[in-house]
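Survey of secondary and tertiary structure
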Amino acid sequence: MQRVRHGHAGTLLTTPDLKRADAQAQDAADPLAAFAREFHHPHDASGRKLLYFGGHSLGLQPRSAAAMIEEELKDWRRLGVLGHHEATRPWIPYHERAAPALAELVGALEGEVVAMNSLTVNLHLMMVSFFRPDSIRNTVLIESSAFPSDRYAVVSQLQFHGLSAAQNLIEVQPRPGERTLRSADLIERIEREGPRLSLVLLPGVQYLTGQSFDLKVLIAAARRVGARVGVDLAHAIGNTPLQLHDWNSDFAVWCSYKYLNAGPGAVGGCFVHDRHARDAALPRFAGWWGHNKAERFLYDPKFDPIDGAQGWQISNPPILSTAPLLASLQIFQRAGMTALRKKSVALTSFMQRLIEEGLPADVEIITPKDPEQRGCQLSLRIARPAALAKRCLEQLAAAGMIGDWREPDVLRLAPIPLYNSFTDVFAAIDILARTIGAISQ
Ligand SMILES: Cc1ncc(COP(=O)(O)O)c(C=O)c1O
């Protein structure tokens, strides 16, 4: 049985009072602290506020979201179909209101982004345009732990073109004994496979390990060998700084229910680089909402795509699922990504320090230790027999802590700079240390 380091009575953290005081001092000096009050924090049945570290999965609800949705419901009640033009925020161009903030978050021109669909749908639409295999370039390169939906999408696209995962999918693995991928290994593989690569699909932040990829150099490597490059930003948008335009990615896709706090199943988004903006010859799955706006209602049978990312839209925007996104983006604009990232680095580093000092040495942080190589999430490998792991999770839940568990042994915790405090982090790791201590004895 692993011996644990014991500190103050009832906790495994050494000098817990000092650490709590440190957390309180950091909260007092935090210029973003007030933003936490702009979110609804979940409570349990007894009214106790939960320690919420699940923002990598579903972000908390901005208090302003309900009013934003209610305004659209009101305009719908008041105006019916006239709301398309006469609503307070007219519905026809409604999604365009999200573009300035989205462009800022991903480092793009406004015309390069669009709020639409959900992530996997957008990934398919992008692959229709940017995965165009021929007899030589017919292979997709991804990382071996890619999110399953991405892999399903890629394999189904391969099959759609009469290709197969066995022949046409390269899945790059970490080195034996390592959990995260080295940029140098990815680049070496991209260069080695270069002539056969049609598409390289990269994560911004890896969903399981929390590793943030060096997109600038990886995108450059893929483009040097003549491949197209796409990025899955599910865990990166609103979390890490991004410069997609300068980094020259062909496309990117994201969801808005994690770090963007836009609600379950909220409308996702898509980036298409400006160099493709006016390329009407690119094959795409078209729909009327991607058609030249001036003539959309003239019902010309010939499709004339809007320049830029909006030209990939198919259907009219879902107003009620875009409203909370607008509410959330207003908060991001007020807080500013630079300040958020600064707090995020401090918050996650604080969490890392408490874990390293308070948890048994065999609880391994698999997320890179270098803040440049991660977002806010820390993934902990807690290798315990299944029954003990289950008990640990039950005890964490009973103590009011929300993170999530990915089989067989990974606990993911995301301290979110918009609504988590340093005191939250202290309380969470204190609970985690006690719980792991209890199951380790
Ligand atoms: C990395 C990653 N890619 C893709 C998806 C799928 O998202 P959607 O259901 O919006 O298609 C998720 C969902 O959590 C994800 O984490």
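Reading the values: rules and limits
- Residues numbered from 1 in each chain as written.
- Predicted model: local features only at pLDDT ≥ 70, side-chain atom pairs only at ≥ 80, totals over all residues.
- Heavy atoms only, no water.
- Helix = DSSP H or I, 4+ residues; strand = E, 2+ residues; numbered from the N terminus.
- Buried < 20%, exposed > 50% of the residue type's maximum accessible area, 1.4 Å probe, protein only.
- Pairing = 2+ DSSP bridges.
- Axes fitted to C-alpha atoms, helices over the stretch in contact; angles between N-to-C directions.
- Contact = heavy atoms within 4.5 Å.
- Expected span 1.5 Å × (residues − 1).
- Polar contact = N/O pair within 3.5 Å; in protein donor to acceptor, adjacent residues only side chain to side chain.
- Near = heavy atom within 4 Å.
- Nonpolar A, V, L, I, M, F, W, Y, C, P; charged D, E, K, R; others polar.
- 1 Å grid on protein atoms, 1.4 Å probe; cavity = no way out; pocket = protein on both sides within 12 Å on 5 of 7 lines; lining within 4 Å.
- Points joined across faces, edges and corners; volume = space filled by probe spheres on them.

**Let's talk about unusual backbone geometry**
A cis amide bond links Glu-407 to the next residue, Pro-408, at an omega of 5°. With respect to the helices, strands and loops of the structure, Pro-408 is situated in the loop between β14 (404-406) and β15 (410-413). Positive phi outside glycine occurs at Asn-248, with the angle close to 75°. Tracing the chain through its elements places Asn-248 in the loop between α10 (244-247) and β9 (251-254). For Asn-248, a relative accessible area of 27% puts it in the partly exposed group.

**Considerations on the sheet that holds strand β10 (residues 269-272)**
Sheet strands pair via backbone hydrogen bonds, and the direction of the pair is either parallel or antiparallel. Spatially, seven strands are ordered β4-β10-β9-β8-β7-β5-β6 in an open sheet, and the strand pairing comes out mixed. Taken across any chain shown, the strands that pair with only one partner, and hence form the sheet edges, are β4 (113-115) and β6 (169-172). Across this sheet, the average inter-strand angle for adjacent strands is 15°, counted without regard to direction. Note that strand β5 (residues 139-143) and strand β7 (residues 197-203) share three bridges and pair parallel. Of the residues in β7, the one forming a bridge with Leu-141 is Val-200.

**Looking at helix α8 (residues 183-193)**
If you check which residues of α8 are buried, you get Asp-185, Leu-186, Ile-187, Ile-190 and Glu-193. Against the buried residues of α8 lie β5, β6, β7 and α9 (215-224).

**Details of helix α13 (residues 386-398)**
With 13 residues, α13 should cover 18 Å at 1.5 Å per step; its first-to-last C-alpha distance of 18 Å lies within 8% of that length. Of the surrounding secondary structure, the elements contacted by the buried residues of α13 are β13 (401-402), β14, β15 and α14 (422-440). Once α13 ends, the next one or two residues include Gly-400, with phi positive near 85°.

**Examining the sheet that holds β15**
One open sheet holds the four strands; their spatial order is β11-β12-β15-β14, and the pairing between them is antiparallel. The sheet terminates laterally at β11 (364-365) and β14, the two strands that pair on one side only. Where β11 lies against strand β12 (residues 378-381), two bridges are found, and the strand directions are antiparallel. Looking at β12, one finds that Ile-365 is bridged to Leu-380.

**What about the environment of His-56?**
Inspection of the secondary structure puts His-56 in the loop between β2 (51-52) and β3 (61-62). For the pair His-56 and Met-337, spaced 281 residues apart in sequence, the C-alpha to C-alpha distance is 17 Å. Discounting chain neighbours no more than four positions away, the residues touching His-56 are His-235, Lys-258, Tyr-259, Gln-377, Asp-404, Arg-412, Ala-414 and Ile-416. Engagement of the side chain of His-56 in a polar contact is seen with the side chain of Asp-404, the distance being 3.0 Å.

**What about the site of the ligand?**
In the vicinity of the ligand, the contacting residues are Ser-118, Leu-119, Thr-120, Phe-147, Asp-150, Asp-232, Ala-234, His-235, Tyr-257 and Lys-258. In this structure, Asp-150 approaches the ligand through a side-chain N or O atom, which is 3.2 Å from a nitrogen atom. His-235 places a side-chain nitrogen or oxygen 2.9 Å from an oxygen atom of the ligand. Its residues placed into classes, the shell around the ligand shows four nonpolar, three polar and three charged.

**Quick look at the layout of surface pockets**
Counted as a void, the largest pocket has a volume near 350 Å³. For the lining of the largest pocket, the secondary-structure elements that each account for two or more residues are α8 and α9. When the residues that make up the lining of the largest pocket are grouped by side-chain class, the tally is 10 nonpolar, six polar and six charged. Roughly 250 Å³ of internal volume is contained in the second largest pocket. Forming the walls of the second largest pocket are 19 residues, and the residues nearest its centre are Leu-119, Phe-147, Asp-150, Asp-232 and Ala-234. Going through the elements one at a time, α5 (119-130), β5, α6 (148-160) and β7 are the ones with two or more residues in the lining of the second largest pocket. Per-element tally for the lining of the second largest pocket: the top contributor is β7, with three residues. Among the residues making up the lining of the second largest pocket, the classes are represented as 12 nonpolar, three polar and four charged.

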